Amino acid sequence: MSYIILLAGFVLLIKGADYFVEGASNIAIKLSVSPLLVGLTIVAFGTSSPEATVSILAALEENAGMVLGNIVGSNIFNITVVLGVTAMIAPLTVKSETIRKEIPFSLLAAVVLLVLMADVFLSGAVDNIVSRGDGLIILLFFSVFLYYVFEMAMKNRAEMDEGRGSDVGSSWGKNILWTVGGLAAIIFGGRLVVDSATEIALSLGMSETLVGLTIVAIGTSLPELITSVTAAIRKQGDIAIGNAVGSCIFNIFFVAGSAATVAPLTLDAKIFTDTWVMILLTVLLLIFSRTRYSIGRVEGFVLVIAYTIYMVYIIIRN
């Protein structure tokens, strides 16, 4: 039965992502907002909803390994598989604004999380805990990111042609229906995939921490993967890269901040290695993006191989 539910979840994810990207892109044009901005906000927030749901529920159940494993694992998956597979399908042109601001913002998020986790190393504490106070600090960083996005939106609307909205023939109601309906299918499908995949994994003897870093992280990141691939196929590369980078920022500043505020998170020391991997991969993404301002098929292949090596490592480590 779990395998049937898993398949149903995949179907909902694929069709939901298709409608969500279509609706969100049309709304962006009608509002004279750039596709990159939509990817960083609406699409990133929508596709991060499964991570938020799973992490907050796990925090309430005092399962810190699942929370941080899900967040860090999802970000590693976004950087390597989501952008890697998307770039292999259609090379991604990276705007200078993304290189100078959005990717460094993602790197800052990863470093902030690492610092707030390292209580034993920095203050000699008994345990490494992301406290409610740490969660509030992370949410303050999230508010700064939202302010930056708001400022960019205002600047973007002022620069774009006012008559661009006429390019889209579909009605507001239809676009909103596609966006909301697609998002609902993504969230529900993601939930089905995670629940069924976790049940299958645990029945095979995997630990909860490993499930968080692998099955749950991959499952909650499938919306990002499918949405970015769909966007690339539709020649919406800005949405594809904005979605992946924006999701990384949302996962740490919103999801981790919210989860820690709900319930303090006591950490497994192993998660530090995974956090360092996340930081190094973000730096690698920044380097790739600066070469010809694009992520080509070769870079995409390297990113996918990096994730394969990482997966082998954490399975052996477990």
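Quick notes on the rules
- Residues numbered from 1 in each chain as written.
- Predicted model: local features only at pLDDT ≥ 70, side-chain atom pairs only at ≥ 80, totals over all residues.
- Heavy atoms only, no water.
- UniProt positions renumbered as here; feature names shortened; annotations may be inferred.
- Helix = DSSP H or I, 4+ residues; strand = E, 2+ residues; numbered from the N terminus.
- Buried < 20%, exposed > 50% of the residue type's maximum accessible area, 1.4 Å probe, protein only.
- Contact = heavy atoms within 4.5 Å.
- Core = buried A, V, L, I, M, F, W, Y, C linked by side-chain atoms within 4.5 Å.
- Patch = residues over 30% accessible without salt bridge, like charges linked within 9 Å, V, L, I, M, F, W, Y side chains within 5 Å.
- Areas by Shrake-Rupley, 256 points an atom, 1.4 Å probe, with all protein chains shown as cover.
- Salt bridge = Lys/Arg side-chain N within 4 Å of Asp/Glu carboxyl O.
- Expected span 1.5 Å × (residues − 1).
- Phe/Tyr/Trp six-rings, centres within 6.5 Å; stacked < 30°, edge-to-face > 60°.

Moving on: the UniProt feature "transmembrane region" (unreviewed entry) in the chain. Taken from the UniProt record, the annotation "transmembrane region" (unreviewed entry) applies to residues 76–94, 106–124, 136–154, 175–194, 200–219, 240–265, 271–288 and 300–316. Here residues 175–194 is 100% helix and 0% strand, with 28 Å between the C-alpha atoms at its ends. Within residues 240–265, the helical portion is 88% and the strand portion 4%, while the C-alpha atoms at the span's ends are 32 Å from each other.

Another aspect to go through is the side chain of Ser 106. Topologically, Ser 106 is positioned in helix H5 (residues 96–117). On the accessibility criterion, Ser 106 (7% relative accessible area) is buried. Sequence-distant contacts of Ser 106, that is, excluding residues within four places in its chain, are made with Val 245, Cys 248, Ile 249 and Thr 282.

The next subject is the nonpolar core. Met 117, Phe 253 and Leu 265 are the most contacted members of the largest nonpolar core, which has 93 residues in total. No other element matches the 14 residues that helix H10 (residues 237–262) contributes to this core. The contact partners of Leu 265, leaving out residues within four places of it in the chain, are Ala 59, Ala 64, Val 67, Leu 68, Asn 128, Ile 129, Val 130 and Ala 260.

To continue, consider a nonpolar patch on the surface. Together, Leu 31, Trp 172, Ile 176 and Val 180 give the surface a local cluster of nonpolar side chains, amounting to about 360 Å² of exposed area. Along the chain, the position of Ile 176 falls in helix H8 (residues 172–203).

Our focus in this paragraph is the environment of Gly 219. Mapping Gly 219 onto the fold places it in helix H9 (residues 208–233). Overall, the relative accessible area of 3% leaves Gly 219 in the buried class. Sequence separation between Gly 219 and Thr 198 is 21 residues, and the spatial gap between their C-alpha atoms is 9.1 Å. In this structure Gly 219 touches Val 193, Val 194 and Thr 214, once residues within four positions along its chain are discounted.

With that settled, the discussion passes to the pattern of salt bridges. Pairs can form between side chains of opposite charge once their charged atoms are near each other. Under the defined criterion, the tally for this structure stands at 1 salt bridge. Across the pair Arg 317 and Asp 274 runs a salt bridge, and its minimum N-O distance is 3.1 Å. On the criterion of sequence distance, the pair formed by Arg 317 in helix H12 (residues 297–317) and Asp 274 in helix H11 (residues 271–290) is long-range, its members being 43 residues apart. Residue classification places Arg 317 among the partly exposed residues on the basis of a relative accessible area of 22%. A relative accessible area of 0% means that Asp 274 is categorised as buried.

Let's shift gears to the environment of Phe 301. Structurally, the position occupied by Phe 301 is in helix H12. Residues Phe 301 and Met 206, 95 residues apart in the sequence, show an inter-C-alpha distance of 28 Å.

Between its first and last C-alpha atoms H11 spans 29 Å; for 20 residues at 1.5 Å apiece the expected length is 28 Å, and the two agree. The set of residues buried in H11 consists of Ile 271, Phe 272, Asp 274, Thr 275, Met 278, Ile 279, Leu 281, Thr 282, Leu 285, Phe 288 and Ser 289. Positive backbone phi, at 60°, marks Arg 292, one or two positions downstream of H11.

As a further point, take the packing of aromatic side chains. Working definition: an aromatic ring pair is given by the centre-to-centre distance plus the angle between the planes. Enumeration over the complete set of coordinates arrives at 11 aromatic pairs. Look at Phe 145 and Phe 250: their rings are 6.0 Å apart centre to centre, the planes differ by 90°, and that puts the pair in the edge-to-face class. Here Phe 145, found in helix H7 (residues 132–159), pairs with Phe 250, found in helix H10; they are 105 residues apart in sequence, far enough to count as distant. Taking relative accessible area as the criterion, Phe 250 reaches 4% and is therefore assigned buried. Seen in terms of ring centroids, Tyr 307 and Tyr 310 are 6.2 Å apart; in terms of plane orientation they differ by 45°. Their pairing is tilted. Highlighted residues: Tyr 307 and Tyr 310, both in helix H12, separated by 3 residues, approximately one helical turn. Comparing Tyr 307 with Tyr 310 shows no difference in burial state: the two are buried. Taken together, the ring pairs in this structure connect Phe 105, Phe 141, Phe 142, Phe 145, Tyr 148, Phe 250, Phe 253 and Phe 254 into an aromatic cluster.

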